[in-house]
Structures are given as C-alpha cells and as structure tokens.
Amino acid sequence: MFMSDLQLDSASRAERSVAVSVRGVTMDFGSGSPAVKDASFDVETGSFLTILGPSGSGKTTLLRMIAGFQKPTQGTITIAGKPVDADPPNRRSIGMVFQKLALFPHMTAAENVAFPLKMRRTNPAEISGKVEKFLNLVKLDGYAERRPHELSGGQQQRVAIARALVFEPELLLLDEPLAALDRKLREEMQLEFRRIQKELGVTTINVTHDQREALVVSDDIIVMDQGLIQQHDRPVGLYRAPNNLFVASFIGVSTFIDGTLTADGLKVGDLLLPGSATPEATLGAPARGAVRAEQLRIGAGPEALAGCEIEMDGKVEDVIFEGERLIYVVGCERAPDIKFQIYHHDPHSFDIFEIGSPVRIGWHGKDMKIFNHDA
Amino acid sequence: MTSSSQKLIFWTLVGISIITLSMPTIIVLGASVTSGNIIAFPPDGFSLKWYEKIAMARELRLALWRSLIVSTVCVIVSLPVGTVAGIALTRYRLKFVNLINIYLLLPFTVPLIGSGIGMMLVFGEWGILGNVWPVGVACAVINLPFVIWSVSSSAAALDRDLELAAENCGAGRMETFWYVTLPAVMPGVITGGLLMFVLAMTEFLVSLLLTDARTVTLPVQIYNNIRSIITPDLAAISVVFVVIALIAVWLLDRLVGLEIFLKSK
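Residues numbered from 1 in each chain as written. Chains lettered and ligands numbered in written order. Predicted model: local features only at pLDDT ≥ 70, side-chain atom pairs only at ≥ 80, totals over all residues.

A. Summary view of the overall build of chain A. What chain A contains, in helices and strands, is 10 helices and 21 strands. Seen through its C-alpha atoms, chain A measures out along the principal axes to roughly 75 × 45 × 45 Å. For chain A, with 375 residues in total, the buried portion stands at 41%. Put simply, 66% of the contacts in chain A that link residues at least 6 apart link residues at least 24 apart. (Helix = DSSP H or I, 4+ residues; strand = E, 2+ residues; numbered from the N terminus. Buried ≥ 20, exposed ≤ 12 C-beta atoms within 10 Å, placed from the backbone. Contact = placed C-beta atoms within 7 Å.)

As structure tokens, then:
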C-alpha cells in the first residue's frame, strides 16, 4: 500500500519529541461564544502543521496566542518543554511571517533581516554573516540593499521568511502570508516554504483557509470551525476519512445525500444506499452521505461503470470545463433533490456530454461516508 | 454636456484659481523690484535697492532673527508632544480616544484673539513676558493640532502588525517605538515640523499680543512699518517671507517626497 509510506506508524511517532504543546486553550473575548474552545494538540519537532479553517474559525486567534500577542483565557502553551504563558512575545523564541508581512518600510532587506539579531545583542560580525547566509537561503543575494517597496511581492515574502528564521527560533509561525498572492506565485511560494522548512528542520505552524495549500505543504493538518478543533490528522487521513460533515465539506468536492441511517446503509426515500458510517452516526437518526466528485463515475451506459454497486440514470444539467478536467452536474429522477457533482478526466479523449444528454452514473458503496446530521 | 464644454469650464476654473492664488505673490514680487519710491504695480523700472535697504535695516534684521528663534522654539516644543500624541491616538487602543482627540483639538475652537489674550495674562502672571521664547511656546500651543494630524495620518497608513512584528523579533516596548514606530512615521513628523516652523514664522495676532518693543517678531515689525509709511521695502520683506515658505515646501518635497516610497504595502 502507498498509504504506509505517507503515514508513520504509531511507534515511530512516539519516538519523536514534541516542540509545541497546547493544552486546553480557550480564548473568550466576552462577546458571544469563545473564539477558541478548549484546544489541545501537540506539534512534533521539525514537522509542518497547518491549521485550516474558514474565516472566523479561531485559527488566527490560536496562532496569535502561541505568538504571545493574546493571552488565553484558559489553558497552557508549552514551547520546547517550557510553559510560555507568562512570557511576552519578545521573550518567546518564535519567528513569524505576518499576513501582510509587516516588513519595516524604512529598513533595507538586509536591515530587516538583521533586526531580530540586533535586538538580541548579537555582535556585528556575526550579524552580517547570518544575514548573508539567510538572504542566500531565500535566494535574495544581490537584493540586500533594496527597501521593501523596491521588491516584488514574492521577494518581500522571502525577506519576511528570512527575518523570521535568522535568529534560529524554536518555532516558525505563518499567518496566511500567501493569501494575497496570485495563484502561480502562491503555489511557487508554497513549495519554497516547504523547501526552507525541510532544509532547516524548523517546527512550523501555518494558518490558512486554502485547503489545497494545507494538503500540499503539511505533515499534519488541524481543521477548525467555530472555535473547535474538528479533526487533527495527516493530510491523507483527513482526505480519506473525514471525522464529520464539516471536514468532509470543507476539504474536497462532494455530493451530499440526506436520509436516515439503517444497518444496511443510508435510506433515501425508497432507495437504500450502502456506505460506511462514522462511529458517531446513530441508527435510525437523520444522516447525510457524502461521495467525492472523483469517486463518482459517469458514462453513456452501464459498461463505463464496471464494478459500481450503485447505478442510476441521470441527465447532464451543467458542464464546467476546468482544463485538466470536467465537472458534470447531473440530476437523477430517482433522487430528484440531489445535484451530483462529478469530476471527469480522460487524457485521450475530449468527448464531452452535452447539457441534457442522458447519462448513467454510479459509485462504489464503500466510497460513501455517512455522518450524523441534525436536520 | 459635451466633453468640450466640460473641458472649457474645467480650464476656466483652473485658470481663475491659479490667477487668484498667485496674483498677490506676483504683485508683491513686482512691486519689490521697483526703482521708484512708492509701492506700485507694474513696477516703475527695475532695481534691487529695496532689498539692499531691508538688508541694512537693523530693526528688520533683529525681527527676522527673533522670528527664527520663535519658530525654532515652537518646533522644539510641539514636535515631541504632537508626535507622541499622534502615534498614541492612532496606534494604541486607548480609553476615551474621542475625548482626548477633542481636547487636543481645542486650540482650534478658541479664536486666536481669545487664546492670545489668555496667554498674555498667564505669561504676565509668570513674569516671562518680554522674552522671545514664550511666543514660540504660544505658537506651539495654538498650532499643535497640525502636528497631531500630520503624524496621525502617517501612523494610520502603516500596517497594524508592524509593532507586533517588532516584538516578535525580540524588541521590547521602548525598542519597538524607537527603532520601528518612530522611523516609520518620520514623514509625518517632518511634514508637521516644517508646517509648525512656517506657521510660527508668520504668526501675527498672538505675536502682537505677546511682544513689546524689545521683542517684536517679523510680522509685527512689518505691521508697525505699514502704520507709519508704506514703501516698497515692505514688498521686499514680503518676498523674503514667500521665499522662506518656498524653502519649506522644497525641503518637504526633498525629505517627504519619499513618503510614498516609505509606505509599507
């Protein structure tokens, strides 16, 4: 199995040391429900953790508490074995790349990178050596004397990374620094972050609302919503086995089917759809099934759906062309309320079903996850 | 409306503005180089004799010197106060921000003659009238909102995370202010400082109330001269004033023209 390459077994996981430990951290601003509720997790030394969630999920608040900009209402944060709750931000050994970078506008790139060392009273000879080394690491040699406004967006990012890492902190925090970049540059910088992080082996916590970024760069992902940690897992685990409906809908594209959970699967009207229910799902209760768009099959007739336990006739209602793939939106008479979203990818043929074409769709029973759903 | 008639109205308005705004300066400039003995425009011949005359006039030179002292004192007093207030009001979460703002803008709500008389009474009580420096302090008080505004607008344009970034880099509160916040708002500080210098240089009403024969400033001296006899040397002094203001604008452009480059994106 490929999975075993990506997932460390529990024994080797336990051998690794913990760089950051968050225990029972709650942040209550006193307006409505808490921004972060009872968050607990560990980050392994040298690993790259992403906190993924929509805006308002509490992910940025959690990051700011770790940085020391906000004091948790409750709970303890430990960095490198030492509780830091009483330490102000400047006494924590944490490098941070801010959302809008927050480069010092009146300083050159080199002065920006030198600043953390200057504040730590490092001797000048050592400072210039380290500044050179880190500008080199982020591939900015030759730009040392430029001010931030004289650099491109990507170059500014690199200065910010160098500034955050130059004093060799225990922990690197990334507060959505890539959100403002265009897609191509963003993807380039994601890989760049990953390269630098691996090269230095610095423990990193990244915050983002971009699920693709989270899957691409992370060793571990925490999904947050409404101040609660919804799931903490490796990227593959998270994608393959979402804990709950929120995680299933936030990551990837799925078609959702409402019904009632029975021992044999999801009952939708007179249909009985087999699937794998999460442990929390209760028999007889309202439930919602989810099938990923890439797990649905589509064809002109049954021959294209070999092996699918569930098959239905449908009609193409919309076609979205994305270049490397198509998305079909299909409606079925037997399940009139559901719009099936289906990825279709055939590198050798550009035969496209027109809107209104009759098609047959299907999926494997095991691919449908069934969750508790309070209607 | 057609675009050509729009253009016509636009350029007419621009023309009127340029003429009305620059006319006094042009007339004064012309009148100052007359070779005649009365103020006249267009000038009667060309000579620089009136400039020579004001350069030789001892009381004018002394008045100019005093005005420079007043301006310097005004800048020294107002800049630290205005800078700290401007930064604090925009960048730190303070209680009663609105109340403090209104309080700091009070100097603008009192007519100059009112604050002038008030300060005359207070300074008289303290026995410091008859010195030049209290005029500078008075100018600092009445014009303080200008520095606060200038620094505030610079401070408001900065990324809110700038100070957090400095702390994250290991800087304490004082280091953050000294190495990051203050340099980053420097364009506003320079603008405010030059503005205060020029305003104090040209301040008339408050100077009139706070000075006596030994401490007259340049604007008051000019006023005294007008009352006796109007000769072209007054036009020459006015030109000197205009030149001082132009130097300030030029400095502003050299020093703060950089502002747009200094802004963090």
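B. Geometry of the overall build of chain B. Within chain B, the regular secondary structure consists of 13 helices and 0 strands. Secondary structure elements in chain B, listed N-terminal to C-terminal, are α-α-α-α-α-α-α-α-α-α-α-α-α. For chain B, the spread of C-alpha atoms along the three principal axes comes to 70 × 65 × 30 Å. When each of the 265 residues of chain B is scored for burial, the buried share is 36%. The contacts of chain B with a sequence gap of at least 6 include a subset with a gap of at least 24, amounting to 75%.

C. Fine view of the environment of B:Ile244. Relative to the helices and strands, B:Ile244 is located in helix α12 (residues 232-256). We classify B:Ile244 as partly exposed; it has 18 C-beta atoms within 10 Å.

D. Structural view of the domain arrangement of chain A. Annotation of chain A at the domain level lists domain 1 (3-93 + 169-240) and domain 2 (253-372). Just the C-alpha atoms count here: the centres of domain 1 of chain A and domain 2 of chain A sit 34 Å apart. (Domains from an automatic or database assignment.)

E. Inspection of the pairing of strand β1 (residues 18-27) of chain A at higher detail. Residues and elements named next belong to chain A. Bridge analysis of β1 against strand β2 (residues 36-44) gives 6 bridges, and the strand direction is antiparallel. Each bridged residue has a counterpart across the sheet, and for Ser21 the counterpart in β2 is Asp42. Bridge analysis of β1 against strand β4 (residues 74-79) gives 5 bridges, and the strand direction is antiparallel. For Val20, the partnering residue across the bridge sits in β4 and is Ile79. (Pairing = 2+ DSSP bridges.)

F. Quick peek at the sheet that holds strand β5 (residues 82-83) of chain A. Pairing is antiparallel across the open sheet formed by 4 strands, whose spatial order is β2-β1-β4-β5 (chain A). Pairing within the sheet leaves two strands with one partner each, and these edge strands are β2 and β5 of chain A.

G. The arrangement of the packing of helix α3 (residues 58-91) of chain B against helix α9 (residues 186-202) of chain B in detail. Residue and element names in this part refer to chain B. Relative orientation of the contacting elements α3 and α9 amounts to 145 degrees, with a least axis distance of 8 Å. Judged by the sense of rotation from one axis to the other, the crossing of α3 with α9 is right-handed. Counted together, Ser67, Val70, Ser71, Cys74, Val75, Ser78, Leu79, Gly82, Thr83 and Gly86 of α3 and Gly188, Val189, Gly192, Gly193, Met196, Phe197, Ala200 and Met201 of α9 form the full contact between these two elements. Tallied by class, the residues present in the contact of α3 with α9 amount to 9 nonpolar, 9 polar and no charged. (Axes fitted to C-alpha atoms, helices over the stretch in contact; angles between N-to-C directions. Left-handed = near helix turned anticlockwise from the far one by under 90°. Nonpolar A, V, L, I, M, F, W, Y, C, P; charged D, E, K, R; others polar.)

H. Representation of the environment of A:Gly46. Residues and elements named next belong to chain A. Mapped onto the secondary structure, Gly46 falls in the loop between β2 and β3 (48-52). When the C-alpha positions of Gly46 and Asn243 are compared, they lie 26 Å apart, and in sequence the two are 197 residues distant. When sequence neighbours within four positions are dropped, the list of residues in contact with Gly46 reads Gly201 and Thr203.

I. Structural detail: the nonpolar core. Counting residues in hydrophobic clusters, the biggest one holds 138 residues, and the most contacted among them are A:Ile66, A:Val113, A:Leu135, A:Ala162, A:Leu173, B:Cys74 and B:Cys139. In terms of residue count, the dominant contributor to this core is helix α6 (residues 133-156) of chain B (10 residues). Dropping the residues within four chain positions of it, A:Ile66 is found in contact with A:Val20, A:Ile77, A:Leu173 and A:Ile205. Within the second largest apolar cluster, 15 residues are counted, among which are B:Leu60, B:Leu64, B:Ile237 and B:Val239. (Core = buried A, V, L, I, M, F, W, Y, C linked by C-beta atoms within 7 Å.)

J. Expanded view of the packing of helix α4 (residues 109-119) of chain A against helix α6 (residues 153-165) of chain A. All names here are of chain A. Where α4 meets α6, the axes come as close as 7 Å, and the angle between the chain directions of the two elements is 25 degrees. Overall, the two elements α4 and α6 adopt an arrangement that is roughly parallel. The two elements α4 and α6 meet at a crossing, and its hand is right-handed. Between α4 and α6, the contacting residues are Ala109, Asn112, Val113, Phe115 and Pro116 on the first element and Val159, Ala162 and Arg163 on the second. Looking at the contact of α4 with α6, its residues break down into 6 nonpolar, 1 polar and 1 charged. (Parallel < 35°, antiparallel > 145°, perpendicular 65-115°, else oblique.)

K. Inspection of helix α4 (residues 97-109) of chain B at higher detail. The first and last C-alpha atoms of α4(B) sit 18 Å apart over 13 residues, in line with the 18 Å expected at 1.5 Å per residue. Bending of α4(B) peaks at approximately 30 degrees at the position of B:Tyr103, with proline B:Pro107 no more than four residues after it. (Expected span 1.5 Å × (residues − 1). Bend = angle between axes of the 7 residues up to and from the residue.)

L. Representation of helix α7 (residues 183-200) of chain A within the structure. Residues and elements named next belong to chain A. Given a rise of 1.5 Å per residue, 18 residues ought to cover 26 Å, and the 26 Å separating the end C-alpha atoms of α7 matches this to within 8%. Among the residues of α7, those classed as buried are Met189, Gln190, Phe193, Ile196 and Gln197. Buried residues of α7, seen end-on, are gathered within an arc of 135 degrees and therefore sit on one face of the element. Exposed residues pointing more than 90 degrees away from the buried face of α7 are listed as Lys184, Leu191, Arg195, Lys198 and Glu199. On its buried side, α7 packs onto β3, α5 (124-137), α6, β8 (203-208) and α8 (211-217). Where α7 ends, the next residue or the one after it, Gly201, has phi of about 65 degrees, a positive value. (Arc of directions from axis to C-beta.)

M. Representation of the interface of chain A and chain B in the model. Each partner contributes to the interface: chain A provides 20 residues, whereas chain B provides 21 residues. Elements that contribute at least two residues to the side of chain A that touches chain B include exactly β6 (94-97) and α4 of chain A. Counting residues per element, the side of chain A that touches chain B draws most heavily on α4(A), which supplies 3 residues. Split into classes, the residues belonging to the side of chain A that touches chain B amount to 14 nonpolar, 3 polar and 3 charged.

N. Highlighting the sheet that holds β3(A). Residues and elements named next belong to chain A. In space, the 6 strands of this open sheet follow the order β6-β7-β8-β3-β9-β10, with mixed pairing throughout. Edge positions in the open sheet fall to β6 and β10 (228-233), since each of these has one partner strand only. Direction aside, neighbouring strands of the sheet carry axes that sit 20 degrees apart on average. With 4 bridges joining them, β6 and strand β7 (residues 171-175) adopt parallel strand pairing. If you follow Gly95 over to β7, its bridge partner there is Leu172. Packed onto the sheet, α6 meets β6 and β7 and runs at close to 170 degrees relative to β6.

O. The environment of B:Thr231, seen in detail. Residues and elements named next belong to chain B. Counting through the fold element by element, Thr231 comes out in the loop between α11 (218-228) and α12. The spacing of Thr231 and Asn37 is 194 residues in sequence and 6.6 Å in space, taken between C-alpha atoms. If we skip the residues at most four places from it in the chain, Thr231 touches Asn37 and Ile39.

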